[in-house]
Amino acid sequence: MDTTTTTADAAASTTFSTPILDTESPKILHSISSQGGYAYVNMFALASTDLRAAEAAREMAWEQLHSGPWHSVVPAWRDAYAMACLHVAKFHYANCEFVEALRVLDMGMIMGGNTLREDLDSAIQMVSDKARGGIEDNGKFERQIVEEKFDVAEVVQNLPKNSLSCKNVVKRSALSLEGFLRDYFLKGSPVILSDCMAHWPARAKWNDINYLKNVAGYRTVPVEVGKNYLSTEWKQELITFSDFLERILHNDCTSAVPTYLAQHQLFDQIQELRRDIIIPDYCFAGGGEIRSLNAWFGPAGTVTPLHHDPHHNILAQVVGKKYIRLYPASLSEELYPHTDSMLSNSSQVDLDNIDEEEFPKVVDLEFIDCILEEGEMLYIPPKWWHYVRSLTTSFSVSFWWS
């Protein structure tokens, strides 16, 4: 037997390759030096052989990521953070600490830059296989996320005033792309699209907690904790997907602090879930391109307050049900947008508890609304104001396109 080959194979089994890191690190380090990051550069020089140095480099980069508003962070420092994460993860992988290695790689994916994304993706795939320990998905449903029971009369009591009493959103079954373009896209009108998601693997898989835990349980994800992003008690946390699943399964619509995985690019992070969905043909109407593909996953009672978005949006309801209320862009003034530029696309009006003295114009405004059922998609044109409430535990996907 060739001992050289045997030694090389053994070494390969205790690490993972990072070809982009190997090629791009000199450029990234030069950029960090130009930003005054000499201490990071010196520490990173030791990172491949010293775990403490790799951890120190990661901590230095982490401090830079939190030195000011996120939009002001120098991109090179995000790449520097990802570089350090890859080295730290290699040490954990070599020690068979696969769950910890996966946590570190996820942090590099969430907080790091795009330069090393392919290295992170390939490393995560390799480490995920080890972390799962060869557990097979037996296809049996031991616990469903959402049960069939649903009392509309009871749910309506928790909705904003006058809900489901006015005009409902139009629903069309298996609408052709031509019909969608002509009747709704070009006219800027919302529409519910039914009977066009049955072929998604997600429709059969995502209501199975065992499947979700098997493919993503060890992964680290960012979640929101609190009523909504406009509330003073709102905060963000980083937890494992398994911990998140347990939280939402033991939550109910009366909880004051629901946990919500909201507007996160989960499918860039977890490729197994990305393979379960298919971009709808409707998203290519107008010759545009996908701008963002986000997950919205949380218990009953989670609310996205009244706001509008700049892009065309299809919200696909994979698991559970949601209530959605919409107002046209022409009513923006009557919906009292925040004056702060960071929140100018959000209304000051809390539809769950309207202050009629402070916001009198909103009281008698006409709106359209609906209950979005499993397997349905809702097209929301740009600038249309919308309020969203989960009526059950809910897993949705939004497709934004220009």
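Remember, it's a predicted structure, so these values are computed and weren't measured experimentally. (Residues numbered from 1 in each chain as written. Predicted model: local features only at pLDDT ≥ 70, side-chain atom pairs only at ≥ 80, totals over all residues. Heavy atoms only, no water.)

(A) Broad picture of the packing of aromatic side chains. On inspection of all chains with the given rule, the structure shows 22 aromatic pairs. Seen from their ring centres, Tyr-260 and Trp-296 are 6.4 Å apart, and the 50° between their planes marks the pair as tilted. With Tyr-260 in strand β6 (residues 259–264) and Trp-296 in strand β7 (residues 290–298), this residue pair connects regions lying 36 residues apart in the sequence. Tyr-260 gets classed as buried once you look at its relative accessible area, which sits at 6%. Taken together, Trp-206, Phe-241, Phe-244, Phe-267, Phe-297 and Phe-395 form an aromatic cluster joined through their ring pairs. (Phe/Tyr/Trp six-rings, centres within 6.5 Å; stacked < 30°, edge-to-face > 60°. Helix = DSSP H or I, 4+ residues; strand = E, 2+ residues; numbered from the N terminus. Buried < 20%, exposed > 50% of the residue type's maximum accessible area, 1.4 Å probe, protein only.)

(B) Inspection of the packing of helix α2 (residues 19–34) against helix α5 (residues 75–94) at higher detail. Two numbers describe how α2 lies on α5: the axes approach to 10 Å, and their chain directions differ by 135°. The orientation of α2 relative to α5 falls into the category oblique. Considering the relative orientation of α2 and α5, their crossing is left-handed. Contact residues: α2 offers Leu-21, Ser-25, Ile-28, Leu-29, Ser-31 and Ile-32, while α5 offers Ala-76, Trp-77, Asp-79, Ala-80, Met-83, Leu-86 and His-87. Across the contact of α2 with α5, the residue classes tally to nine nonpolar, three polar and one charged. (Axes fitted to C-alpha atoms, helices over the stretch in contact; angles between N-to-C directions. Parallel < 35°, antiparallel > 145°, perpendicular 65-115°, else oblique. Left-handed = near helix turned anticlockwise from the far one by under 90°. Contact = heavy atoms within 4.5 Å. Nonpolar A, V, L, I, M, F, W, Y, C, P; charged D, E, K, R; others polar.)

(C) Representation of the sheet that holds strand β4 (residues 220–225) in the model. A sheet is described by the order of its strands in space; here nine strands give the open sequence β2-β3-β12-β9-β14-β7-β6-β4-β5, paired in mixed fashion. Strand pairing shows two members of the sheet lacking a second neighbour, β2 (171–173) and β5 (235–240), which therefore form its edges. Strand-to-strand, the axes of this sheet are offset by a mean angle of 25°, without reference to chain direction. Each of β4 and β5 is contacted by helix α6 (residues 98–111), which is oriented at about 65° to β4, the strand it contacts most. (Pairing = 2+ DSSP bridges.)

(D) Broad picture of the environment of Tyr-81. Within the secondary structure, Tyr-81 is located in helix α5. As a C-alpha pair, Tyr-81 and Gln-271 span 190 residues in sequence and 22 Å in three-dimensional space.

(E) Structural view of the environment of Val-41. Within the secondary structure, Val-41 is located in helix α3 (residues 38–44). Those residues in contact with Val-41, other than ones at most four positions away along the chain, are Leu-29, Ile-32 and Ser-33.

(F) Main features of the sheet that holds strand β10 (residues 322–327). Ordered by their spatial adjacency, five strands build an open sheet running β1-β11-β10-β13-β8, and the pairing between neighbours is mixed. Strands at the two margins of the open sheet, each flanked by one partner only, are β1 (167–168) and β8 (303–307). Pairing between β8 and strand β13 (residues 385–390): three bridges, direction antiparallel. Note on β13: the bridge partner recorded for His-307 is His-386.

(G) Spatial organisation of helix α4 (residues 51–65). If you check α4, its first and last C-alpha atoms are 21 Å apart, about what 15 residues at 1.5 Å a residue would give, namely 21 Å. For α4, the complete set of buried residues consists of Ala-53, Ala-54, Ala-57, Arg-58, Ala-61 and Leu-65. The buried residues of α4 occupy an angular sector of 135° when projected down its axis, which confines them to one face. On its buried face, α4 sits against α3, α5 and α6. (Expected span 1.5 Å × (residues − 1). Arc of directions from axis to C-beta.)

(H) View of the pattern of salt bridges. Enumeration according to the criterion identifies 20 salt bridges in this entry. A salt bridge links Arg-219 to Asp-106; the shortest N-O distance between them is 2.6 Å. In this pair, Arg-219 sits in the loop between α11 (209–216) and β4 while Asp-106 sits in helix α6, placing the two residues 113 residues apart along the sequence. The burial state of Arg-219 is the same as that of Asp-106; both residues are buried. A salt bridge links Lys-205 to Asp-276; its shortest N-O distance comes to 3.6 Å. One end of the pair, Lys-205, is in helix α10 (residues 201–205); the other, Asp-276, is in the loop between α14 (271–274) and β7, and 71 residues separate them in sequence. One salt-bridge network, held together by shared partners, links Asp-129, Arg-132 and Glu-272. (Salt bridge = Lys/Arg side-chain N within 4 Å of Asp/Glu carboxyl O.)

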